[in-house]
Every structure is written in C-alpha cells, then in structure tokens.
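Structural characterization, general
What follows is the residue order along each chain.
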Amino acid sequence: MNPRNALNFSGGPGALPETVLQQLSEALIREPVTGLSVLGISHRSKWFAEVVDELEANILGLLGIQRGYQVLFLQGGATQQFSMIPMTLLRGVSAPAEYLQTGYWSQKAIPEARREGPVRVLWNGQPEQYQRLPQAYELASAPDAPYLHYASNETVEGMQFQYVPGLDSVPRICDMSSDFLSRPCPAERYALIYAHAQKNIGPAGVTVVLLRDEIIERVPDNLPGFLDYRAQANARSNFNTPPVFAIYTMLLVTRWLKQDIGSLSAMDQINQQKAQRVYAQLDASNGFYRGRARREDRSLMNVSFNLATPELEQQFLRSAEAAGLSGLGGHRSVGGLRASLYNAVTLAAVDTLVSFMADFAHQHRHAAPG
Ligand SMILES: *Cc1c(COP(=O)(O)O)cnc(C)c1O
C-alpha cells in the first residue's frame, strides 16, 4: 500500500484501485496469461481479442444492457467525441441539435457541433456562473431535434444531474466522462454514452463509446475511417493499433467493480457516503468552506469549493500537500479547491481529508470574517 497514492484527490487523471495498480505492476513485466509484458503484446493476438470481449461484456453487464448496443474503445478522448457525434448525426440536417450548456465541459462541445450543422442551446447556465443545473421543467425540447447532448457530471464546477433530461423521443447523448460506472444508469434511455477512461475507470488513451445499433446504421459514407463508428465497430475496436495497455487497465477496473465492489448500486452507496461526509464538513463550517454548486445539484464525484481568499486557498493546498493529500487544487479555469471522489478513492481516504479540513478550519477560522 502506497499511503501517498491512497490520498490522491486529483480531478483527472484520477486515482485507480490499489489492487488494479498491483496487477498492472506485475503485468508490465509478465502478464499472467501470456507470460509477456503487457506493453509488448500484439493487438492482433487472441489474448487481446478476449480482453476486448470480456471488457465489453463487463460494461454491458454492469449497466444491465441485454441487446441493441455496441461498445467501442476509441482514441482521441472525450474531445474527439465532441466532433464525431455531430459529424455522424448533424451533417446536412436542418433541424438543430440541442445542447445543454451547464459548465466548462458541456460548453466545449458546442463550437465543435456548430462546425457540422445547426445547434440550439436549450439551456445556458453561464449567466449564473454555472452554479446550478436546469430543472426538468426549464427544458423545452423540440420533438424533432436530431439529438440532445449534455454532460451528466460537470467535473470542473462539481455539479451532477440527478435526473435524465430531455424527451425519450429525441436521441439522448451524454458525456459521462467523469461519472461513468460510478452509479447505476438507465442506459437504454440513451442513444449514445461516451466516457474517456482517465477520470474514473482507467488511464488516459481510451474512450468508451456505448451506442445503439441504429446510430451505427446512420453513419454517413464519406467520413474518415478513423472517425466512422461503423468502421470502428466492424473492426472490433481494432481499426488501427489501439491502446492495449489502457484497455487492459479498464478490464481490470471492471473486474474490480464486479468482484470486489459487487455492482454499480454497491459502488453508488459507497460514493454517496464519501460525498456526504465531505459536504457535511462544508456545511458544518459556518461559511469557512463555501460549496460552489447549488445544494440540489452537488456532484458525488467532484466537490468544488472556495475559501474566503485565494491566499487562504493556497495555504490550504500547501498544508494539504504537507499532510500527504494531493490533487486538491481547482481546475485552472475556475481556481478554488476541488476534492474528486472517484470510485477508487476509499472511505478511509475521505475520512482523512475530512479531519484535515476540520483541523484547517479550526486553525484558520480567524482569517475568514463573516
Ligand atoms: C475531462 C473531461 C473532458 C475532456 O476529455 P479529454 O479526454 O481530455 O478530451 C470532457 N468531458 C468531461 C465531462 C470531462 O470531465
């Protein structure tokens, strides 16, 4: 057990389970099935085809999906999906695609979509500094929209949808990069879900795309092969050399979820307890810690908060580092502080963070008048 690594609250790349890191460290030298280093196994091997099959089955199994969907493992991160989605569904279409602009990441997807076709921003939280998410009644979706795009968890601002927005008749597309496999998800209500691995389920280099068969049938014929969901599906995620190591890591993470944690409901219960303990500390601090998001929209994955002054925040970060706690700085776009509580962050780690926060507030309370 590496005690420093156990206290990593980074927003991404995020913490991975200790048992997965142990298996990876062995597999770097000798992957147990092949006897080869995982970094030197061919992507055309039977072993790798079995890794992809098992990983796909694990993801579908954890989400409870029986049929009608494919799982792709692509490169280019979530950012490439910002473009691949409108290239596939918006070229030559006259009705606007609908986008929810709820924070830093969902906002990044919008200019990429505008390159491909018309976009209607159905809700924009920027005038309110992205401190809240829309409520269902605020979203006037058009029944003929080609699709609705949103992010289930705004990683920077620390806000997470607690309901599924949009009309079931409009294909629903969701960026779940920072909360995929953190809780049960009604996946059948989505046409396409994507999540890069590096927040919650693996290292950078691979992005999961779960999509309905109908989406694959609608891919235009003139896309570059690399950006074509059909070509990628036909190649079984082996269109060109895939990131074998990142995909193998994700397999180990899904095995950990199934075997050690048990299910996404069990994972959710742990994640709820973790978040509840940190938010309880914010709320009990008499305004010393100031949560960024409206209470109803608080994220279980990313707790974004501020102190009275940027100087005090810097002091918090220095003291946290000295106490062995890493990754607590806020995103460069908003500053402040952020504790990311991804799946691999343990309850024990959260308890250490919470008692550090209580001590820090006690010592510095005089610095925060009012
Ligand atoms: C981090 C993040 C991204 C950016 O992903 P890349 O893989 O770096 O392109 C996109 N969406 C969300 C929700 C994120 O948290």
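Residue numbers here run from 1 along each chain, matching the order of that chain's written sequence. Per-residue local features are limited, in this predicted model, to residues with pLDDT of at least 70; the limit for side-chain atom pairs, both in listing and counting, is 80 or more; totals at the level of whole chains, interfaces and linings are taken over all residues. Note: side-chain values were computed over all heavy atoms of the structure, leaving out hydrogens and water.

By the naming in an unreviewed UniProt entry, the chain goes by Phosphoserine aminotransferase and is assigned to Amantichitinum ursilacus. UniProt positions are given in the numbering used here, feature names are shortened, and annotations may be inferred rather than shown by experiment. UniProt annotates the chain under Subunit (unreviewed entry) with the comment "Homodimer." If you open the UniProt record of the chain and go to Sequence similarities (unreviewed entry), you find "Belongs to the class-V pyridoxal-phosphate-dependent aminotransferase family. SerC subfamily."

A word on the overall build of the chain
Helix and strand labels come from DSSP, where a helix needs a run of H or I of at least four residues and a strand needs a run of E of at least two; each type is numbered from the N terminus. A count of helices and strands for the chain gives ten helices and twelve strands. In terms of overall dimensions, the chain has C-alpha extents of about 65 × 55 × 30 Å along its principal axes. Residues classed as buried in the chain amount to 55% of the 370 residues present. In the chain, once contacts between residues fewer than 6 apart in sequence are set aside, the share between residues at least 24 apart is 68%. Counting every atom, the chain has about 15300 Å² of accessible surface; 51% of that belongs to carbon and sulfur. None of His or the chain ends enter the tally, which takes Lys and Arg as positive and Asp and Glu as negative. Here the site of a charge means atom NZ of a Lys, CZ of an Arg, CG of an Asp or CD of a Glu. Within the chain, one finds 32 positive and 34 negative side-chain charges whose respective centroids are separated by 2 Å. Throughout this description, buried means an accessible area under 20% of the type-specific maximum (1.4 Å probe, protein chains only), exposed means over 50%, and partly exposed covers the range between. Working rule for contacts: check all heavy atoms of both residues, and any pair within 4.5 Å makes them a contact. Throughout, the Shrake-Rupley method with a 1.4 Å probe supplies accessible areas, and for residues the shown protein chains are the sole cover considered.

Some details on the packing of aromatic side chains
Between rings of Phe, Tyr and Trp, where Trp is taken as its six-membered ring, a pair exists when centres lie within 6.5 Å; planes separated by under 30 degrees are stacked, by over 60 edge-to-face, and by other angles tilted. Scanning the entire structure with this criterion turns up 15 aromatic pairs. Between Tyr150 and Phe161, the ring centres sit 5.0 Å apart and the planes meet at 75 degrees, which makes this aromatic pair edge-to-face. Pair noted here: Tyr150 is in strand β4 (residues 148-151) and Phe161 is in the loop between β6 (159-160) and β7 (172-175), with a separation of eleven residues, a long-range link. Consider the rings of Phe288 and Tyr289, whose centres lie 4.9 Å apart with planes at 90 degrees: the pair is edge-to-face. The pair formed by Phe288 and Tyr289 is uniform in burial state, with each residue classed as buried. Three or more aromatic residues joined by ring pairs make a cluster, and in this case those are Phe288, Tyr289, Phe305, Phe316, Phe356 and Phe360.

Some thoughts on the pairing of strand β2 (residues 97-101)
With five of five residues buried, β2 is to be regarded as a mostly interior element. The side-chain alternation of β2 yields two buried faces, one formed by Ala97, Tyr99 and Gln101 and the other by Glu98 and Leu100. One bridge is not enough; two strands pair if DSSP finds at least two bridges between them. Relative to strand β3 (residues 119-124), β2 runs parallel, the two being bridged by five bridges. Opposite Glu98, over in β3, you have Arg120 as the bridge partner. Bridge analysis of β2 against β4 gives two bridges, and the strand direction is parallel. Looking across to β4, one finds that Glu98 is bridged to Leu148.

Examining the pairing of strand β8 (residues 192-196)
Burial runs high along β8: five of the five residues are buried. Examined bridge by bridge, β7 and β8 share three bridges and lie parallel to one another. Within β8, the position partnered with Asp175 by the bridge is Tyr194.

What to know about the site of the ligand
Summary of the distance rule: residues count as near a molecule or strand when at least one heavy atom falls within 4 Å of that molecule or strand. Taken together, 13 residues lie around the ligand, and Thr79, Thr155, Asp175, His196 and Lys199 are the ones closest in. Between an oxygen atom of the ligand and a side-chain N or O atom of His196, the distance comes to 2.6 Å. Taken by itself the ligand offers 390 Å² of open surface, and the protein chains cover 88% of this. Charged means Asp, Glu, Lys or Arg here, nonpolar means Ala, Val, Leu, Ile, Met, Phe, Trp, Tyr, Cys or Pro, and polar covers whatever is left, Gly included. The residue inventory of the shell around the ligand, partitioned by class, reads three nonpolar, eight polar and two charged. Any N or O atom pair separated by 3.5 Å or less is treated as a polar contact, with the protein-specific requirement of one donor-capable and one acceptor-capable atom, and with residues adjacent in sequence counted only for side-chain atom pairs.

What about the nonpolar core?
For this analysis, a nonpolar core means a set of buried residues of the types Ala, Val, Leu, Ile, Met, Phe, Trp, Tyr and Cys, connected via side-chain atoms within 4.5 Å. If you look at the biggest cluster of nonpolar residues, it comprises 59 residues, and the most contacted ones within it are Leu63, Phe73, Phe180, Leu210 and Tyr248. It is helix α7 (residues 244-261) that provides the largest number of residues to this core, a total of ten residues. Throughout, the edges of the domains are those of an automatic or database domain assignment. The residue makeup of this core includes at least three contributed by each of domain 1 (19-260) and domain 2 (263-367). Counting 32 residues, the second-largest nonpolar core is a separate cluster that includes Val278, Tyr279, Leu337 and Ala361.

Description of the UniProt feature "binding site: pyridoxal 5'-phosphate" (unreviewed entry) in the chain
UniProt's entry tags Ala78, Thr79, Trp105, Thr155, Asp175, Gln198, Asn240 and Thr241 with the feature "binding site: pyridoxal 5'-phosphate" (unreviewed entry), counted in the numbering of this structure. Across 164 residues, the annotated set is spatially dispersed, with a maximum C-alpha separation of 30.3 Å. Classification of Trp105 as partly exposed rests on a relative accessible area of 23%. Among all residues touching Trp105, those that are not within four sequence positions of it are Phe82, Glu154, Thr155, Val156, Lys199 and His331. Here Thr155 is to be found in the loop between β5 (153-154) and β6. Since its relative accessible area comes to 4%, Thr155 is described here as buried.

Observations concerning the UniProt feature "domain: Aminotransferase class V" (unreviewed entry) in the chain
Taking the UniProt record as the reference, the feature "domain: Aminotransferase class V" (unreviewed entry) is found at residues 8-353. From the first C-alpha to the last, residues 8-353 spans 10 Å; its make-up is 36% helix and 15% strand.

Topic: the domain arrangement of the chain
Here the chain is partitioned into domain 1 (19-260) and domain 2 (263-367). Taken over C-alpha atoms, the centre of domain 1 sits 27 Å from the centre of domain 2. Every contact between the two is made by 28 residues of domain 1 and, on the other side, 26 residues of domain 2. Approximately 2200 Å² of surface area, both sides summed, lies buried where domain 1 meets domain 2, with 51% of it carried by carbon and sulfur atoms. For this analysis, a salt bridge means a side-chain nitrogen from Lys or Arg found within 4 Å of a carboxyl oxygen belonging to Asp or Glu. Between domain 1 and domain 2 we count zero salt bridges in total. Inspection of the region where domain 1 meets domain 2 yields 16 residue pairs in polar contact (both at pLDDT 80 or more). Contributions of two or more residues to the side of domain 1 that touches domain 2 are made by α2 (46-63), α4 (104-114), β6 and α7. Taken together, the residues of the side of domain 1 that touches domain 2 break down into twelve nonpolar, eleven polar and five charged. Simply put, the buried area is the total loss of 1.4 Å probe accessible area from both parts when two parts are fitted together.

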